[in-house]
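# Geometric and topological summary
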Amino acid sequence: MQSSMAPSRTMALLAMLLVSRLFFCSQASTDGFLACLTASVPEQLLFTRSSPSFASVLASSVRNRRFLTQATVRPLCVVTATNASHVQAAVVCGRQHGVRLRVRSGGHDYEGLSYRSARPETFFVVDLAGLRSVRVSLGIPREGAPATAWVDSGATLGELYHAIGKASDRLAFPAGLCPTVGVGGHLSGGGFGMLLRKHGLAVDHVVDATMVDAEGRVLDRDAMGQDVFWAIRGGGGGGSFGIVLSWRVKLVAVPPTVTAFTIPRSVEQGAVDILTKWQEVAPALPDDLFVRVLVQRQVAKFQALYLGTCDALLPVMRRRFPELGVNRTHCKEMTWLQSVPYVYLGSGATVEDILNRTDPVDTTSSKATSDYVRHAIARDVWEEIFATWLARPDAGLMILDPYGGQMARVPEAATPFPHRAGVLYNVQYMNFWGGGGGDGAAQTAWVRDVYAFMEPHVSKNPREAYVNYRDLDLGENVVVGNVTSYEAGKVWGEKYYSKGNFRRLAMAKRQIDPDDYFRNEQSIPPLDADDEQLTMGHVAHIDYANPDSSNHFYIFGCVGIFLMYIRRRKYSLKS
C-alpha cells in the first residue's frame, strides 16, 4: 500500500510546488509597504508596532478579549483613516507590496477577523472609526421623496439612531439592538433588530453606497454595478469585495409613541409552556409587534416592542398570547429613540448613553454561534434544555428572535441574506467569561455541545446560520495557488447564504476582486461559470474515501487552478 501511494504523493508535492512557482509567492515586502504608507497617509494616522500608541489603538475596538492576548496574530500597523484618500492609499500600498488588510468599523466581528488573523499572516488593519458622520435628509413626502440618511461605515448604530431620532420622532431605521456596533460591519452581514417584523433587514433599505475596490478606485452604486451592489448588502462587504466607506439608507416611519415591555418567567412560573407556545405565536403576530426571548439559567425573559400605545397593545396580547399575562403595569410608553437604550441598556439609560462607543461587555471574552428554526421545538425538548443545558454551572444563554411579517415577504434572492419565508426564529447561543474566569474552555464547550444537541431540532440541508454571528467552527477557507477555494468555501458559505446566493456572491467577487486581495478565513472566493466547470468537470466521479483518488483530486484541482490563472492573465491583458 505504501509503495502504491508514493508516486501519488510525489505527484501531489510536485503539483503544489509548480503552482507555488507559477503564482510567484514570496515574502511580503514589509519595509517597502510601510514606506509607501508613510508617504501617503498623515503620520498621526499611522500606528506601527513600534509606535507607543499601537497597542491602545489596536485594542480600542476589540470587543472580545479572547483575541487580545500574546498568542493573537497582530497586524503590522493600523491605519486610522479619516477620509477616502487614506483608504485608497492603504489599498494601493497593500496591493503593491503584497500585504493584505483587515477592515474594522466597530470591532464586533465575533471571531475578531476585522483586526486579527486566525493563522500566521502578514497583514494590516484599516480602522474606519474616524469615518463616522451621519447626514439625515427628511425628504419631501408630498413629492414622493423619501427620508434618507448617508451614514459612514465607522459610525455606530447608536450614533445613527441618535441622529435620526433628533431629526424627527416619526422616523427610524431597522437595524440591530446593540448601539456600539459599527454600521459598516452590521450592514455587510444583513442587520436585524426590534423592527425586523415590520420593516425587515437593515440592508433591505440600503439604496446606495460608496466603496474603495481592490484597484483603489472609489465606486458608487452605478460604478460598482448591479451584481456587486447586491453582494455588499449582506454578503460580507469589507471582508470580500472592497471597503465600503458610506451607505445611503432609506428611513422608515414610526408612530410618535411606541410601547415596550420586559417580562421574566421562571420554570416554576411556567416558562417551558409559555416558550413552547411563543414559537408559533411570535412569528404570526401583527407586524407592529415584536416579542423576543432571552433564555438563561431557569428564566425566559420576554422583551417586546410594539409600534403603538399600550391601549392598542393589550387587546392583541390578551387575544393572541394570553399565556404571557401582559397587563398595563408591564407597559412602558416612549418614543422609538428612547426604546433603543431601554431595550438594550435598561430602564435607567438615556438616549445620550447610546452615543458611547464602549460597552461593559467589551471587557469580557465570548464565544457564540447560531441556528434557524423552521419547525417548532417540542415541549419535552425545551424541558430538557432547561433541566440539563441551562442548569450547568458554565451555561451561557440563548437569544430567540422571531421572524415572519415583512421578513417572510422578501424573496430569498433579493439580498445575500436568505433566511426569509418559513423561518420561525433565529437562535443565538452565547457564553461569556471574564479575566478571572479561566481560559473559557468550559464556556466554549457549552456553546459547542448545546449546538450539537440542537442539530435534530433546527434547519437542515444546509443547517443555516447568520453571518453576523460569525463562527469559524462552521468552516474556514482554503487557499490554493493564492486564490481561495470555492469548493472549500461552500462548506461554511452555504450555511450563511444558501447554495444559490453563495454562488452568486462568488461570481460578484470574480467581477470586482478576481485576484482575491480582500481575503480572510471566511471571505467570499472568486468564481466564474467556466472556472467551476473546469475545476469540477474532471473529478465528478472521484471516490473521496480512497486515498489515491484524493491525491488525484488534489492534482486535478491544482491543474484547474493553474488554468484559471492563465485565463485570468489573458483576461487582464485584454482589459
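Thresholds, definitions, all that
Residues numbered from 1 in each chain as written. Predicted model: local features only at pLDDT ≥ 70, side-chain atom pairs only at ≥ 80, totals over all residues. Heavy atoms only, no water. 1 Å grid on protein atoms, 1.4 Å probe; cavity = no way out; pocket = protein on both sides within 12 Å on 5 of 7 lines; lining within 4 Å. Points joined across faces, edges and corners; volume = space filled by probe spheres on them. Helix = DSSP H or I, 4+ residues; strand = E, 2+ residues; numbered from the N terminus. Nonpolar A, V, L, I, M, F, W, Y, C, P; charged D, E, K, R; others polar. Expected span 1.5 Å × (residues − 1). Contact = heavy atoms within 4.5 Å. Buried < 20%, exposed > 50% of the residue type's maximum accessible area, 1.4 Å probe, protein only.

Scanning the model with the defined rule gives two cavities of 30 Å³ or more in all. Size it by volume and the largest cavity reaches roughly 140 Å³. What lines the largest cavity is a set of 15 residues, and nearest its centre among them are Gly176, Leu177, Met194, Trp336 and Val340. With five residues, helix α12 (residues 336-345) is the largest single contributor of residues to the lining of the largest cavity. In terms of residue class, the lining of the largest cavity is made up of twelve nonpolar, three polar and no charged. Of the pockets and cavities examined, the second largest cavity occupies roughly 40 Å³. Lining the second largest cavity we find Leu58, Val62, Phe67, Leu68, Thr72, Arg74, Pro75, Tyr115 and Arg116. Of the residues contributing to the lining of the second largest cavity, the split by class is six nonpolar, one polar and two charged.

For helix α15 (residues 441-453), spanning 13 residues, the distance from its first C-alpha to its last is 18 Å, which sits close to the expected 18 Å at 1.5 Å a residue. Check the buried side of α15 and you find it contacts β16 (365-373), α13 (379-389), β17 (397-402) and β18 (425-433).

Now for unusual backbone geometry. Cis geometry marks the peptide bond from asparagine 461 to proline 462; its omega dihedral reads 5 degrees. On the secondary structure map, proline 462 appears in the loop between α15 and β19 (479-480). Although it is not a glycine, asparagine 482 adopts a positive phi angle of roughly 65 degrees. Assignment of secondary structure puts asparagine 482 in the loop between β19 and β20 (483-484). Exposure remark for asparagine 482: the relative accessible area of 29% places this residue in the partly exposed category.

Treat this as a map of the structure, not an account of what it does.
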